[in-house]
Amino acid sequence: MNYYRAAPGAMKAMMDLEEATKELSITAPIRELVKMRVSQINGCAYCLNLHAPEARAAGVSQQKLDVLPAWRESPAFDAKERAALAWSEALTRLETTNAPDADYQMLADAFDDRERVELTLIITTINAWNRFAVGFRSQHPIARVAQP
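Described below are features of the structure shown in this document. (Residues numbered from 1 in each chain as written. Predicted model: local features only at pLDDT ≥ 70, side-chain atom pairs only at ≥ 80, totals over all residues. Heavy atoms only, no water.)

1. So, the pattern of salt bridges
Following the criterion strictly, the structure yields 10 salt bridges and no others. Measuring nitrogen to oxygen at the nearest pair gives 2.7 Å for the salt bridge that ties lysine 64 to glutamate 81. Of the two residues, lysine 64 sits in helix α5 (residues 62-67) while glutamate 81 sits in helix α6 (residues 79-92), which places them 17 residues apart along the sequence. A relative accessible area of 8% places glutamate 81 in the buried class. The partner of arginine 116 in a salt bridge is aspartate 113, and the shortest N-O contact between them spans 2.3 Å. Of this pair, arginine 116 and aspartate 113 both sit in helix α9 (residues 113-135), 3 residues apart, which is roughly one turn of the helix. (Salt bridge = Lys/Arg side-chain N within 4 Å of Asp/Glu carboxyl O. Helix = DSSP H or I, 4+ residues; strand = E, 2+ residues; numbered from the N terminus. Buried < 20%, exposed > 50% of the residue type's maximum accessible area, 1.4 Å probe, protein only.)

2. As for the state of the cysteines
Formally, a disulfide is one covalent bond, and it connects the sulfur atom of one cysteine to the sulfur atom of another. As enumerated under the stated definition, the model contains 0 disulfides in all. Looking at cysteine 44, it has no disulfide partner, and the nearest cysteine sulfur is the one in cysteine 47, 3.3 Å off. (Disulfide = S-S within 2.5 Å.)

3. Digging into helix α3 (residues 28-41)
Look at α3: 20 Å from first C-alpha to last across 14 residues, which is about the 20 Å you get at 1.5 Å a residue. Of all the 14 residues making up α3, 11 are buried; the element is thus mostly covered by neighbouring parts of the structure. Three or more residues of α3 are buried, namely Ile30, Arg31, Glu32, Leu33, Val34, Lys35, Met36, Arg37, Val38, Ser39 and Ile41. Positioned one or two residues after α3, glycine 43 has a phi angle of 65 degrees, which is positive. (Expected span 1.5 Å × (residues − 1).)

4. A word on the nonpolar core
Side chains of nonpolar character tend, in soluble globular proteins, to be buried together. Core analysis: the biggest nonpolar cluster contains 22 residues, and Ile30, Val34, Trp87, Phe111 and Leu119 have the highest contact counts within it. Breaking this core down by element, the ones donating at least two residues are α2 (8-21), α3, α6 and α9. Tallying contributions element by element places α9 first for this core, with 6 residues. Counting 11 residues, the second largest nonpolar core, distinct from the first, contains Ala52, Val60, Leu68 and Leu85. (Core = buried A, V, L, I, M, F, W, Y, C linked by side-chain atoms within 4.5 Å.)

5. Thoughts on unusual backbone geometry
Across residues other than glycine, the phi torsion is negative in most instances, and most of the peptide bonds are trans. For asparagine 98, which is not glycine, the phi dihedral falls at a positive 55 degrees. As for its position among the elements, asparagine 98 is in the loop between α7 (94-97) and α8 (101-110). Among the residues examined, asparagine 98 registers a relative accessible area of 60% and is labelled exposed.

Structural data, given as structure tokens:
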């Protein structure tokens, strides 16, 4: 189903929200890491395919993308990235985590009030996109590899 054609007003609102998240104070690398991690948790291949090149273009290293599912064990992530990723997981898995105090404290230590609200909006938005893409069975395009 083409959900843009089925409900153009609703999807315009989603696109406007997405565009608004790009104007927030959260840096593009953190924004893209969050989108990648949430999409991994939600099993959204469409969004992972979309955001991996955007993450690299924002300056996220391939190494960070490679180890993102195991970010807690990797020394590649700084304190701010760790706080953002922990909060992303806590809110995405809200039914099992209940947004633990430890994750909130890590967030509060790394981000000011405005940034915490903005980061939460980014997490909320990518979760919504994942639900559209997974729910409506969106398929990402297959990359064609050039033959030598």
